[in-house]
Structures are given as structure tokens and as C-alpha cells.
Amino acid sequence: MSRATLPDAPADRRNAPRLDHASLQTLAGHDCPAGTLSAYLDLSPERQARRSFLVAFADGVRHAGAGLDDAQRETLDSLAERVRGRLAEAPPQALGAAIFASACGLWRELELRVPVEDAVRWGPRPYLRPLLDIADEHERVAVLLTDKEKARLFALELGELHEEETLHDAVPGRHAQGEWSQANLQRRHDEHVREHLRRVVESLERSDRRARYDRILVAGPEEATTELVRLLPRPLAERLAGSFAEELFASSEEIRARALELVERSERDAERRLVEAILDAAAPGGDAVCGPEATLAALWHDQVRTLVVAEALELNGAECPACGWLALAPGACAQCGAMTAAVADLVERAIERTLASAAEVEIVHGEPAESILERCSGLAARLRFRSEAS
């Protein structure tokens, strides 16, 4: 094997890539036969204090290297030493980290503001399933807190709440003054309130253009939030995930707690609706498939729009080196007849294929996961289209 070019760790993390669909798709497209090291580390405060994450990383590397030949083991050890040096010199200031380093020059670091379980994997491609679950469970959410005069716009990302903008519009009162009639004062007051709420919506639109929100929450007095929702343009209204009553002077922690509760409920509802739609449509001629065999076939035909995976699903299988067919067991390829090669993590390979085709992956939890496990053995898909070949 020719000597691989190993990556150097960057000098700082200020330009680290965001955890979003584009970065996941880029990682999914990286294929390095010489080897890729993927490391997920729990960096909770107690582990930071004891530096025990370094021990966990070393243990993971030993486990990942079991059974490798001398050349692969040398490459793994070289990459692991660079990662270990980076972690020892400048540990990420976060609750978790994901680091990817390959013998083909890949180096990616992601600081995770949510907990993650330790995992170290070695293979030709980055191990992405934990990242997908994090990205799915912790989408970028706008929290818009408003009354009739003031507004506060927050961004909720990976469990953290950041205040983006504050607005204040002077709205005249409704009490009679001079020659103004009560009706005129009321109309003037209502017009100013609507103008304030339009400015609030415009602020949300500008923020969304800078960095798109996956979901939108509105909060405040009922009268103001009702009118605000009415003013939302369709592209924003379609992402509305709920509303709640809150005072403008509420603390960030109070707002964060209420928002996380609503987001969790919205995510589970969305998963339930997706699973129900797939189960209803998974019939001959329908726009969904249910079960590993049908799902893997649809993936090979590039029909998958959304791959649905039950959390914790594990499948061994095989892949055809000639045409890429994925199967549940080694043997002759059903498409080209070549002999397939064993794949230790068939679910991860299906996820990689899905991301590489610019489709979506949804990892479902709780009751929706139980339904997919019971009815579809844990794997299903919503389709872009059907071809006669399927």
C-alpha cells in the first residue's frame, strides 16, 4: 500500500463547519480505502476535569484496530495520535465532540453542545449515524417572543438559546386625547400594532435568509401571537411548530425550557405522522416501501426521498463491489451476479447512500420506532417515484 497523506489538525476551530445537511452530505461522500477514523467523545464537565475522555478514546482505538492488518493498523495509529494530540492540547469546550480524520486528507471537527456517547469507528467512510440523530433531534428553531410593542427573536440550536434581535415600536394608547374620538384612537392603535408585527415578521424573514430555521415557535400574549401567526408568509407558516404564552421579560432559561418542550412534542408528532403515512402508502403502486429488502432495493434504484430508521436498529449485510447492491446476506448479487462482500453495519451504509443521493434520513424514536420495528423490521422509506425496475 502506498504511503497515505495524513491530515494536520487546524490551528484553531473558529472556522469549524456547522452541523447541517450540507456538511453531513460532504462527509457522506468521502470514501477513503486507506481508512477513515471517526471519533465521538463525551466531554461532560466531570470527564473534562479528569481528562478521562482521553482514556475512552484510547480504548476505542484499540477496539477499532482489532483484526486489522499491519498496514491498516499503522495508518489508524498515526491518525489516532494526531487526534489524541489535538484533544490533549486543546479539548473542545463543549459537551461532546465528533472528529473525522482519514488517510486521504480529511479532517473535520464538530463541537457538540449536546451529550453524545463515546464511539470510535474505522472504515473507508465516516461513521455518521450519531451525528444524524443529533441533527434530527436538535434542529435550528426560531423562537419569536412578542407583544404589541416589543419583540425578542431567539435562535435555539443544539439545545442552546441565543438572542438574535430585539425590536421596540412606540404604539399610542387607546385613551381619548383632545379631539380624538375613542374609535379613531382605537383604529390608530390597531394600525400601529399591525405595523409593529409586520416589522417583527420582516425581522424573522431576514434572519431566516441568513441561516434557515427548521421550525418556528411564537410566544407572548394570545392576542399578539394570533395576529402574528396570521401575518406569517406561507414559507414561514409551514414551519410553525406551536405557540405558548410568555412574558416579554422572561429569562432566557425560562424561554429555553418552554421551547425545548414544544420542540420535543413537535418532533415526536412529526415522526408519528411520517410513520403513519409510510405504513398507509407501503402497498403495490404506493409511494413508500416497508422492510429492509424493499427499502434497500429502492435505495439502489435512487428512488428514496426519506429513509426512515428505527433508533438502535442494527443489521449486518453485504455490498456488491461491482454495482453497489446492498443485501441482507453475502452471496451472488441479485442485480449483476457478482459475489458480494460482507458489511458489518448495513444501516450505516444505507444512511451513507441516502445522504450521498441528497435524500433525507429520519431516525425515529419511541412509539414511531416501535411501529417501524414491528411492521417494517426497522427500515422503511418514502419514495420520490417508482420505476418499473422496482
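Criteria and thresholds
Residues numbered from 1 in each chain as written. Predicted model: local features only at pLDDT ≥ 70, side-chain atom pairs only at ≥ 80, totals over all residues. Heavy atoms only, no water. Helix = DSSP H or I, 4+ residues; strand = E, 2+ residues; numbered from the N terminus. Buried < 20%, exposed > 50% of the residue type's maximum accessible area, 1.4 Å probe, protein only. Pairing = 2+ DSSP bridges. Axes fitted to C-alpha atoms, helices over the stretch in contact; angles between N-to-C directions. Contact = heavy atoms within 4.5 Å. Disulfide = S-S within 2.5 Å. Phe/Tyr/Trp six-rings, centres within 6.5 Å; stacked < 30°, edge-to-face > 60°. Lys NZ or Arg CZ within 6 Å of the ring centre and 35° of its normal. Parallel < 35°, antiparallel > 145°, perpendicular 65-115°, else oblique. Nonpolar A, V, L, I, M, F, W, Y, C, P; charged D, E, K, R; others polar.

(A) Broad picture of the environment of Val289. Take Val289: it is sitting in strand E10 (residues 288–290). The exposure class assigned to Val289 is buried, which follows from its relative accessible area of 8%. Along the chain, Val289 and Leu279 lie 10 residues apart, while their C-alpha atoms are 8.2 Å from each other.

(B) Examining the sheet that holds strand E2 (residues 96–102) more closely. Spatially, the four strands line up as an open sheet ordered E3-E2-E1-E4, and their pairing is antiparallel. Bordering the open sheet on either side are strand E3 (107–112) and strand E4 (119–123), each of which pairs with just one other strand. Strand-to-strand, the axes of this sheet are offset by a mean angle of 5°, without reference to chain direction. By the bridge criterion, five bridges tie strand E1 (residues 36–42) to E4 in an arrangement that is antiparallel. Note on E4: the bridge partner recorded for Tyr40 is Ala119. On the sheet, helix H5 (residues 129–137) packs against E1, E2 and E3 and is oriented at approximately 40° with respect to E3.

(C) Region of interest: the pairing of strand E11 (residues 304–310). The element E11 is extensively covered by neighbouring structure, given that six of its seven residues are classed as buried. In the sheet, E11 pairs with strand E16 (residues 379–383) via five bridges, with the strands oriented antiparallel. Bridging from a neighbouring strand, Val309 pairs with Leu379 of E16. Both E11 and strand E15 (residues 360–364) contribute to a ladder of five bridges, which runs parallel.

(D) Structural context of the state of the cysteines. Counted according to the given criterion, the structure contains two disulfides. A disulfide bridge connects Cys32 with Cys104, and the sulfur atoms are separated by 2.0 Å. Around the S-S axis, the bridge from Cys32 to Cys104 shows a dihedral of about 85° and counts as right-handed. Separated by 72 residues along the polypeptide, Cys32 in the loop between helix H1 (21–28) and E1 and Cys104 in the loop between E2 and E3 bring together distant segments of the chain. Its relative accessible area of 44% is what places Cys104 among the partly exposed residues. Here Cys290 engages in a disulfide with Cys376; their sulfurs sit 1.8 Å apart. Across the disulfide from Cys290 to Cys376, rotation about the S-S bond amounts to roughly -105°, and the bridge is consequently left-handed.

(E) Quick peek at the packing of aromatic side chains. Applying the stated criterion across every chain, the model contains three aromatic pairs. Plain terms: the ring middles of Tyr40 and Tyr127 are 5.9 Å apart, the flat faces sit at 90° to each other, and that makes the pair edge-to-face. Separated by 87 residues along the polypeptide, Tyr40 in strand E1 and Tyr127 in the loop between E4 and H5 bring together distant segments of the chain. Ring pairing ties together the aromatic residues Tyr40, Phe100 and Tyr127, which thus form one cluster. A cation over an aromatic ring shows up here: Arg121 above the ring of Tyr127, its NZ or CZ 3.9 Å from the ring centre.

(F) Up close: the packing of helix H3 (residues 52–65) against helix H4 (residues 70–89). At a minimum axis separation of 11 Å, H3 and H4 run at an interaxial angle of 170°. Here H3 lies roughly antiparallel to H4, going by the angle between them. Along its contact with H3, which presents Phe53, Leu54, Phe57, Val61, Arg62, Ala64 and Gly65, the element H4 presents Arg73, Leu76, Asp77, Ala80, Val83, Arg84, Leu87 and Ala88. Along the lines of polarity and charge, the residues of the contact of H3 with H4 split into 10 nonpolar, one polar and four charged.

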